[in-house]
Amino acid sequence: MIFYVFIDGIGFGENDPDKNPFSKYSKGIFLPLGGKSIPLDSPSRLQELTYLKTDASMGIKGLPQSATGQTSLWTGINACQVLNRHMSGFPTFTLKRIIAKYSIIRILEENGFKADLLNCYTPGFAEHIKKNPRHVSASTLIQMAADKPLKDMDDLRDGKGLYMDISRDFLRKFGRDFIDKDDPVLEIQDPYKTGKDIIPAMKGHTLCIYEYFITDKVGHKMNWKGAEKCISDLENFLLGVLDAMDPEQDQLIITSDHGNLEDLTVDVHTVNPVPTILYGKYTDQMKDKIHALKDIPHAIYDCLGIQIQMSEQEFVQTSSN
């Protein structure tokens, strides 16, 4: 199985604890984002990780943004080049067209592989998008483009998906309008156990995608306490994932769409390269192929033997949208 983890708004930063929360708080997988090395006495799997500095700007000036960056990560199309600019927020009409045709989940499913978005949604989300149909993220759209249902609270209860907040603190605070207060789904989760449990639960899948976006929100708020919480939850979750993976059979890919959290002296994105962190079966095959965000889907297709031709030019005519 390929586990493709997207963490919104993280980049390589300086070893400066007054500026970079990765430098101040990281104890494991994110140490290189804080300008540090993985210690030799760390768990062996942390020492086996491959870190790639990955270009989020993709030839377009300005600060990289979520809508174009995520579209590129999920499709292999340079969405910034199509629009000739970076686009924040939710995908535009043109970006939705790109996702509808080249969603990585759709491509894999059409080629006989089982692929899924693991994020689980509350009933409140369904109500929200009915009122605000344009407020659908790129990650949500890749699942919809494959005509696959979004996972819900039943999937979360059954251990067949993940909530966007790993420990479910957010769900406990804001999910009570839609979920009974005594529902076990609201129980606080151990991030390490959550990571360790999700890998065996998804056996039989070729590709599973998980999106974590609180990092970007914390970065925009310049929230040091929130940054510490995110880093702790993610590092423990990912350590659980690593401990559950078989490097001879499984592949972990961790990446982002733009920098942000690595510099809390500003409340905007950065132009820093983002990490692509690799571990497992296809690492040697992938590591020389990934230079920019758009390269990751193509590296996955190459490993799976999927032949696909695509071009940014087919979408340029509608790039004003």
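How each quantity is defined
Residues numbered from 1 in each chain as written. Predicted model: local features only at pLDDT ≥ 70, side-chain atom pairs only at ≥ 80, totals over all residues. Heavy atoms only, no water. Helix = DSSP H or I, 4+ residues; strand = E, 2+ residues; numbered from the N terminus. Buried < 20%, exposed > 50% of the residue type's maximum accessible area, 1.4 Å probe, protein only. Contact = heavy atoms within 4.5 Å. Areas by Shrake-Rupley, 256 points an atom, 1.4 Å probe, with all protein chains shown as cover. Lys, Arg positive; Asp, Glu negative; His and termini not counted. Charge placed at Lys NZ, Arg CZ, Asp CG, Glu CD. Pairing = 2+ DSSP bridges. Axes fitted to C-alpha atoms, helices over the stretch in contact; angles between N-to-C directions. Arc of directions from axis to C-beta. Core = buried A, V, L, I, M, F, W, Y, C linked by side-chain atoms within 4.5 Å. Parallel < 35°, antiparallel > 145°, perpendicular 65-115°, else oblique. Left-handed = near helix turned anticlockwise from the far one by under 90°.

Participant: How would you explain the overall build of the protein if you had to name every residue and give the values?
Facilitator: Looking only at helices and strands, one finds 16 helices and six strands in the protein. Taken along its principal axes, the extent of the C-alpha atoms in the protein is 50 × 45 × 40 Å. Here the protein, with 321 residues, has 57% of them falling under the buried criterion. The contacts in the protein between residues at least 6 apart in sequence include a share of 71% that link residues at least 24 apart. As displayed, the protein offers around 13700 Å² of accessible surface, 48% of which is attributable to carbon and sulfur atoms. Across the protein, 36 positive and 44 negative side-chain charges occur, with their mean positions spaced 3 Å apart.

Participant: Could you give an account of the sheet that holds strand S6 (residues 274-280), with specific residues and numbers?
Facilitator: What holds strands together in a sheet is hydrogen bonding between their backbones, with the strands either parallel or antiparallel. The strand order S2-S6-S5-S1-S4-S3 describes an open sheet built from six strands, whose pairing is mixed. One side of each edge strand has no neighbouring strand; the edge strands of this open sheet are strand S2 (50-54) and strand S3 (115-117). Shown here is a sheet whose adjacent strand axes are inclined to one another by a mean of 15°, direction ignored. Along the sheet, helix H3 (residues 66-75) contacts strand S1 (2-7), strand S4 (207-212) and strand S5 (251-255); its crossing angle with S1, the most-contacted strand, is approximately 175°.

Participant: Kindly report on the environment of Thr68, identifying the contributing residues and their values.
Facilitator: Topologically, Thr68 is positioned in helix H3. C-alpha of Thr68 to C-alpha of Phe90: the two residues are 22 residues apart in sequence and 9.0 Å apart in space. What Thr68 contacts, discounting residues up to four positions off in sequence, is Ala79, Cys80, Leu83, Arg85, His86, Met87 and Leu95.

Participant: Which residues make up helix H7 (residues 123-131), and what values do they have?
Facilitator: Regarding H7, the residues found buried are Gly124, Phe125 and Ile129. Buried positions in H7, seen along its axis, are confined to an arc of 130° and lie on one side of it. With respect to the buried face of H7, the exposed residues turned more than 90 degrees away are Lys130 and Lys131. Packed against the buried residues of H7 are helix H8 (138-145).

Participant: Now, about the nonpolar core: what can you tell me, with residues and values included?
Facilitator: Counting residues in each nonpolar core, the largest one holds 54 residues, and the members touching the most others are Tyr4, Leu207, Ile209, Met286 and Ile300. By residue number, the principal contributor to this core is helix H15 (residues 295-304), which donates six residues. Each residue touching Tyr4, except ones within four places of it in the same chain, is listed here: Leu73, Trp74, Leu207, Cys208, Ile209, Tyr210, Ile253, Thr255, Ile296 and Ile300. If you look at the next biggest cluster of nonpolar residues, it comprises 50 residues, including Phe22, Leu162, Cys230 and Val241.

Participant: Outline the pairing of S1, listing residues and values.
Facilitator: A regular strand places its side chains so that they alternate between the two faces of the sheet. Here S1 lies mainly inside the structure; six of its six residues are buried. Pairing of S1 with S4 involves six bridges; the strand directions are parallel. Its bridge partner lying in S4, Phe3 is registered against Cys208. Two strands pair when backbone bridges link them, and S1 and S5 are joined in this way by five bridges, in the parallel orientation. What sits directly across from Phe6, in S5, is Thr255.

Participant: Pulling in residues and values, what's your account of the packing of H3 against helix H5 (residues 93-102)?
Facilitator: Two elements in contact, H3 and H5, have axes whose closest approach is 10 Å; the angle formed by their N-to-C orientations is 15°. The orientation of H3 with respect to H5, classified from their angle, is roughly parallel. In this structure, H3 crosses over H5, and the sense of that crossing is left-handed. Contacts from Ala67, Thr68, Thr71, Trp74 and Thr75 in H3 reach Leu95, Ile98, Ile99 and Tyr102 in H5.

Participant: Could you give an account of the pairing of S6, with specific residues and numbers?
Facilitator: Of all the seven residues making up S6, six are buried; the element is thus mostly covered by neighbouring parts of the structure. Here S5 pairs with S6 via four bridges, running antiparallel. Paired with Gln251 across the strands is Gly280, a residue of S6.

Keep in mind these values describe shape, not function.
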